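The lines below spell out each chain.
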Amino acid sequence: MSAHGPLRQELAWSLLKTAALLGLSALLVYAVLPKLAGDYRSVPVLDSRTVVWFIMQLHLMFAAFVLGVPIFALIVEIVGAATRDERYDRLAWNFTQLFALAVMATAVSGVAGLGALVVLYPKFMNFLGSIFSPTYLAYAGTIVLNAILLVLYYATWQVMKGRLKWLHIGIGALLNISGTVLMCIANAWTTFMMSPAGVTEAGKLVSLAQAIQNPLWWPINIHRFIANIAFGGALAAAYAAIRFLLTQSEEERAHYDWMGYVGNFVAMWALILLPFAGYYLGKEMYAYSAQMGTTLMGGAFSWLFIIQAVLIGVLFIGANYYMWLGLGRIPGGHRYYKYVLSMEILIFVSMAVWMTPHTLVASLAEARRMGGAHHPLLGVLGVMSAKNTAMNVVLLTTFLSFVLYRRANKQRQVPRPSGGLGAPVFIALLSLFPVLYCGVNGFVAAGAKAERRLPELTRETQALRERLLQTDQKIAVVLNELKELGRKESELTKLAQTPGLHHAAGYRVLADIFAFFLGLALLDMFVTRGRIGDLLQWTIVVIAAAIVVFYGLKGYFVPAEVRIGYSVYQVMAVLYAMLVVTALDLHLFFEAKSLGAIQWGKMPARSQYVLVLLAVTFTLTIGLMGFVRSGIREAWHVYGVVRDLSPSAYTPTMGYGAHVVAAAALLFLGLLFLLFRYGMRDQRS
Amino acid sequence: MWRQSGPIVLFILGIVAAFVYFANAIPQIKSERVEAVSKIGASPEELVTAGKRLFLGDRAQCLACHSLGEDPKARCPNLEGVGSRAAQRKPGASAAEYLVESLYNPNAYIVPGYPRNQMTPAHKPPVALAHDEILALVVFLNALGGQSDEPFIQQVHKAQEPWRQGLLQPEAAEEAKLPILPGDAGRGAEIFQRLGCAGCHRVGAEGGQLGPDLTAIGASQSAEYILESCLDPNAVLVRGFKQLTVVWTNPALPELQGLPLAWSPNKEQPQTLRLSVDEEGGREEKEVDLSKVAQVGDTVVTVEREGKTALHVGDYVSGDEKTGVTLLFWEPGRWVERHIVAAGIQSIRLPSSPMPAIFGEAMTPRETYDLLAYLLAQKGRR
């Protein structure tokens with residue numbers, strides 16, 4: 001897309017392209033599909049499943065990019081408008097150019113994927129149409145709206161500076177909303193295949209609303225939304241890294257170093273939030289079908305999650321390494337070198353724990369030598385208690401890297417100057433979420449109520465039991481009271497199984513701790529003005545780490561249903577620590593003395609290769625997760641409703657999956673490389 | 001610029017190659033292609049083979065949670081030797097009934113130590129096995145430590161029948177139950193004698209034979225079952241201890257009713273039947289020559305068709321006025337199972353227990369639980 005030419009021409013050209021692609025899609029769905037007979041078709045050389053997989057994987061990678069980048073382009077533009085710093089506006093413009101180039105590739109790959117599905121799986125596509133055809137029109141309409149907004153956003157960037165900047169930001173917000181709506185509509189089709197709702201067992205539609213809002217819809221929406229931001233940030237950072245490595249100009253090197261830092265900053269913050277979203281998705285999957293959950297974590301895909309752990313390990317280790325390298329370009333950053341080794345060891349050990357498999361594929365002789373299917377030492381580390389602990393330790397450590405990086409060139413003033421409390425207080429009050437979450441579960445929720453009712457009901461039951469055993473009346477006379485006793489005992493049993501019963505006390509303790517330290521943080525902001533802030537920060541981090549480790553260890557000694565709840569304590573502690581420590585950091589370093597400007601561009605080449613590594617790893621992770629998300633349906637097109645009777649109704653090996661994912665990733669990165677190359681040339685001209 | 005990007009491109013290729021290498025280096029697990037419905041067969045050997053194939057294959061996904069041999073998994077019970085313990089798993093259920101229920105309604109009975117809601121019913125999605133496939137699985141599972149012969153297969157068919165007909169749903173119904181409280185077995189023994197239970201029931205070497213032998217009742221039945229039997233004898237009638245009705249070939253002779261004491265030479269092909277009949281002076285034993293018997297059984301069904309009323313007497317198998325009744329009819333030399341359709345059924349006199357339902361008025365709650373404790377302690381050999 002050229003930056004030149006009247007807006008009207010741009011709009012017309014964009015609408016023409018959109019109409020052509022939508023027209024082709026409509027032709028496939030409404031003209032070609034009804035005429036295709038049979039259940040399945042095949043193509044030469046490759047099986048149908050691989051063809052669809054490859055094309056749709058490519059489409060999803062482009063889609064993740066074009067949905068993720070506009071979000072933080074908008075955020076950066078807002079920062080630029082608020083601070084009136086032209087650098088941020090230029091950066092946002094750079095980001096926008098990137099995703100605008102990729103939109104057409106997304107659309108073309110989407111139509112290609114649709115074509116493959118229609119031709120190769122006509123019966124399945126007819127079924128999907130019988131459920132979701134009303135959403136097709138909504139999808140098409142949103143695409144048109146999205147195309148219009150994209151042109152407006154892109155083409156009016158330079159024109160709408162100054163007074164019209166906030167109107168331009170509004171257009172950007174609408175663009176992001178329409179992109180998110182597109183994602184949510186497509187997610188409805190995808191998640192329906194995994195957790196169908198609103199249909200009978202025979203597949204007849206009962207409620208379209210329920211089919212859309214099936215159990216996994218919102219978990220996938222949230223997970224993909226955050227993952228798109230992470231992915232887009234990583235790719236933008238990689239683009240900047242490549243430009244950094246290729247440029248000869250110091251000024252450009254400084255600019256792209258900064259762009260890479262911002263892209264990576266966004267990617268890593270989103271990455272920190274992803275485990276929470278992933279946990280929610282996994283929890284909902286288990287709640288929908290224990291069998292699906294078991295297949296996911298303990299069955300055919302258990303080894304896939306070891307590979308995922310390796311990739312996530314690369315991401316966290318790489319991101320932290322990049323930040324530690326970045327300390328070198330910051331005057332004063334050397335003060336924090338002493339912490340790097342400890343953090344490095346923590347992250348490496350934690351990732352090693354996370355990568356440890358629980359069940360080993362061993363022969364009978366090997367299993368006998370080990371004393372079972374699990375290794376006597378490493379098997380202990382292969383369980384969720386250890387992995388949750390490891391993950392939370394990594395999150396805390398990565399967060400600490402951010403904090404140290406942020407304050408690297410700052411020397412704070414004690415006492416802190418007055419003013420500038422808006423942002424710290426706002427972020428501190430965000431920590432009310434973990435406080436309230438723990439408070440509600442500890443005082444008000446079903447588990448807390450059951451905890452209060454339990455001793456009372458136990459007393460009532462005991463008293464009734466004793467009275468009935470001591471009475472002289474015949475059993476026929478007291479039969480109703482005996483049944484009442486039976487009912488109470490049954491209620492007692494059910495009460496003892498109330499979710500959250502065993503955790504109400506723990507939540508109350510956490511709520512008290514969180515509320516106490518939040519109070520101290522606010523006290524420091526309004527009263528002591530930074531005198532206790534430092535100590536508070538370290539105390540909160542240590543307490544959060546202690547909660548994580550304590551409940552990780554305790555998880556080995558309690559039943560499964562109790563252990564599962566501990567992961568929420570750990571997550572809440574980490575989330576709380578991140579929010580309050582950030583708030584305190586903003587508060588403590590307000591108008592801090594600068595030890596010198598960040599020397600953008602003064603980064604070793606290996607730091608830029610790390611950014612490229614992160615982008616490629618993100619791409620491979622997206623592909624891997626797509627494999628597992630789709631594969632856990634196993635021999636079903638729509639889980640439990642439409643059986644897969646095709647020749648490909650089996651789960652391929654991890655090696656085969658890796659080949660498909662790798663091929664899609666390489667093609668995606670190659671096309672992106674060409675698009676950016678074309679974009680760079682167009683910029684220079 | 002292309003030349004300058006060479007190292008970057010190689011770096012990217014290296015990362016991707018490392019990913020592919022690592023993914024191929026780990027154990028490669030590939031599932032089999034799943035057939036829609038398996039071939040089953042009918043003989044015990046064919047059923048065991050088909051069941052084994054289902055158990056080990058990806059269609060039923062049993063191995064996702066269960067295990068055999070030396071590989072215990074915490075998620076669901078290890079099924080090694082399950083055939084040898086199936087009959088004792090759930091009090092009151094035979095091996096066939098237990099195994100069938102475990103597959104159709106996994107939450108009905110949870111093995112202690114394992115969580116609920118781990119397994120979906122086998123006939124429902126996502127596994128969605130056909131009824132014959134479930135039959136094969138049950139036969140295979142029973143063969144692990146038990147004997148899967150023709151009689152067992154017939155038992156499985158019978159246990160499966162309500163599920164095949166769609167009469168049952170997987171969710172177990174919640175019923176109001178009497179509580180089980182502790183008691184004193186010593187006091188219970190006195191109550192057992194005081195109430196005259198020994199007059200009909202034998203414990204060890206002492207007692208009557210009109211009712212079921214209670215020598216090992218504590219080992220074979222649950223506390224709930226025993227308590228219910230004491231307070232409501234008609235709730236569950238033990239086969240062979242129900243009042244029988246005898247209709248003679250000579251229509252002039254009145255019906256005879258009594259408790260069966262013995263079928264001679266055996267129940268399968270009897271020639272005579274010894275009954276304990278309640279006469280005015282007390283109970284008398286009478287020998288019935290089955291060659292003079294037209295019909296005998298514990299259930300009497302009155303049917304009216306085309307203006308004519310007929311009595312059908314046989315042993316109750318299943319059914320009611322709405323679905324029709326299946327009875328086991330005596331014919332010279334054999335028992336034949338026949339179904340009486342619902343149309344025309346006027347009444348069904350179901351078997352009743354000869355045990356009087358008066359013990360609720362004879363015992364206090366403490367005495368009841370003492371008696372229960374005594375009976376639960378009876379785990380001796382017959």
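Keep in mind that what you see is a predicted model, and the values were worked out from it rather than measured.

Peer 1: Would you mind going over the overall build of chain A with me for this structure?
Peer 2: Secondary structure assignment for chain A yields 23 helices and four strands. Here the C-alpha radius of gyration of chain A, 28 Å, is about what a compact globule of 685 residues would show, namely 26 Å. Along the longest, intermediate and shortest principal axes, the C-alpha atoms of chain A span 105 × 80 × 60 Å. Burial status across chain A gives 56% buried among its 685 residues. Counted over contacts in chain A with a minimum sequence separation of 6, partners at least 24 positions apart contribute 84%. Surface accessibility of chain A: about 28,900 Å² in total, with carbon and sulfur atoms responsible for 68%. The distance from the centre of the 53 positive side-chain charges to the centre of the 33 negative ones in chain A is 4 Å.

Peer 1: What should I look at first to understand the packing of helix H3 (residues 86-120) of chain A against helix H4 (residues 122-155) of chain A in this one?
Peer 2: A pair of packed helices is captured by two measures, namely the crossing angle of their axes and the spacing between those axes. All names here are of chain A. Between H3 and H4, the shortest axis-to-axis distance is 13 Å and the interhelical angle comes to 160°. For the element pair H3 / H4, the angle class is roughly antiparallel. Relative to H4, the crossing made by H3 is left-handed. Residues Trp-93, Thr-96, Gln-97, Phe-99, Ala-100, Val-103, Leu-114, Leu-117, Val-118, Val-119 and Leu-120 of H3 pack against Pro-122, Met-125, Leu-150, Tyr-153 and Tyr-154 of H4.

Peer 1: Would you mind showing me how to read the pairing of strand E11 (residues 334-340) of chain B here?
Peer 2: Two faces belong to every sheet, and in a regular strand the side chains alternate between them. Residue and element names in this part refer to chain B. Strand direction decides the pairing type here: strand E10 (residues 324-331) and E11, joined by seven bridges, are antiparallel. By the bridge assignment, Phe-329 is partnered in E11 with Val-336. In this antiparallel pair of consecutive strands, E10 and E11, the connection spans two residues, and Gly-333 shows a positive phi of 90°.

Peer 1: What's the story with the sheet that holds E10 of chain B in this structure? I'm lost.
Peer 2: What links the strands of a sheet is backbone hydrogen bonding, and the strands pair in either a parallel or an antiparallel sense. Residue and element names in this part refer to chain B. Across the sheet, five strands lie side by side as E11-E10-E9-E8-E12; this open sheet has antiparallel pairing. Every interior strand has two partners, whereas the edge strands, E11 and strand E12 (345-349), have only one. Mean inter-strand twist for the sheet, computed between neighbouring axes without regard to direction, equals 40°.

Peer 1: Looking at this structure, I do not really get the layout of surface pockets. What am I missing?
Peer 2: Any empty space left between the atoms is revealed when a probe the size of a water molecule rolls over them. All names here are of chain A. Of the volumes computed, that of the second largest pocket is approximately 1,200 Å³. As for the second largest pocket, its lining consists of 32 residues, of which Val-79, Tyr-261, Phe-265, Val-266 and Trp-269 are closest to the centre. Looking at the lining of the second largest pocket, the elements that each hand over two or more residues are helix H2 (48-83), H3, helix H7 (217-246), helix H8 (250-288), helix H14 (384-406) and helix H21 (560-588). If you tally residues by element for the lining of the second largest pocket, the top one is H8, at eight residues. For the lining of the second largest pocket, a count of residues per class yields 26 nonpolar, two polar and four charged.

Peer 1: Can you walk me through the side chain of Ser-195 of chain A in this structure?
Peer 2: All names here are of chain A. Mapped onto the elements, Ser-195 comes out in the loop between helix H5 (165-194) and helix H6 (208-212). The exposure class of Ser-195 is buried, given its relative accessible area of 0%. In this structure the side chain of Ser-195 is engaged in a polar contact, spanning 3.4 Å, whose partner is the backbone nitrogen of Leu-216. Apart from the residues within four sequence positions on either side, Ser-195 is in contact with Asn-214, Pro-215, Leu-216 and Tyr-288.

Peer 1: Looking at this structure, how should I read the interface of chain B and chain A?
Peer 2: How big an interface is tends to be stated in terms of the accessible area lost upon association of its parts. If you look at the interface, chain B gives 59 residues, while chain A gives 69 residues. Carbon and sulfur atoms supply 70% of the area that chain B and chain A bury against each other, a total of about 5,700 Å² over both sides. Between chain B and chain A we count one salt bridge in total. Inspection of the chain B/chain A interface yields eight residue pairs in polar contact (both at pLDDT 80 or more). Among the elements of the structure, helix H1 (6-25) and helix H10 (365-376) of chain B are those that each provide at least two residues to the side of chain B that touches chain A. Counting residues per element, the side of chain B that touches chain A draws most heavily on H1 of chain B, which supplies twelve residues. Here the side of chain B that touches chain A is built from residues that sort into 35 nonpolar, twelve polar and twelve charged.

Peer 1: Quick question: what am I supposed to make of the environment of Phe-433 of chain A here?
Peer 2: Residue and element names in this part refer to chain A. Along the chain, the position of Phe-433 falls in helix H16 (residues 432-443). Under the relative-accessibility criterion, Phe-433 is labelled partly exposed at 46%. Distance in space between the C-alpha atoms of Phe-433 and Gly-170 is 28 Å, their sequence separation being 263 residues.

The rules behind each value
Residues numbered from 1 in each chain as written. Chains lettered and ligands numbered in written order. Predicted model: local features only at pLDDT ≥ 70, side-chain atom pairs only at ≥ 80, totals over all residues. Heavy atoms only, no water. Helix = DSSP H or I, 4+ residues; strand = E, 2+ residues; numbered from the N terminus. Rg over C-alpha atoms; globule rule 2.2 N^0.38 Å. Buried < 20%, exposed > 50% of the residue type's maximum accessible area, 1.4 Å probe, protein only. Contact = heavy atoms within 4.5 Å. Areas by Shrake-Rupley, 256 points an atom, 1.4 Å probe, with all protein chains shown as cover. Lys, Arg positive; Asp, Glu negative; His and termini not counted. Charge placed at Lys NZ, Arg CZ, Asp CG, Glu CD. Axes fitted to C-alpha atoms, helices over the stretch in contact; angles between N-to-C directions. Parallel < 35°, antiparallel > 145°, perpendicular 65-115°, else oblique. Left-handed = near helix turned anticlockwise from the far one by under 90°. Pairing = 2+ DSSP bridges. 1 Å grid on protein atoms, 1.4 Å probe; cavity = no way out; pocket = protein on both sides within 12 Å on 5 of 7 lines; lining within 4 Å. Points joined across faces, edges and corners; volume = space filled by probe spheres on them. Nonpolar A, V, L, I, M, F, W, Y, C, P; charged D, E, K, R; others polar. Polar contact = N/O pair within 3.5 Å; in protein donor to acceptor, adjacent residues only side chain to side chain. Buried area = accessible area lost by both parts, 1.4 Å probe. Salt bridge = Lys/Arg side-chain N within 4 Å of Asp/Glu carboxyl O.

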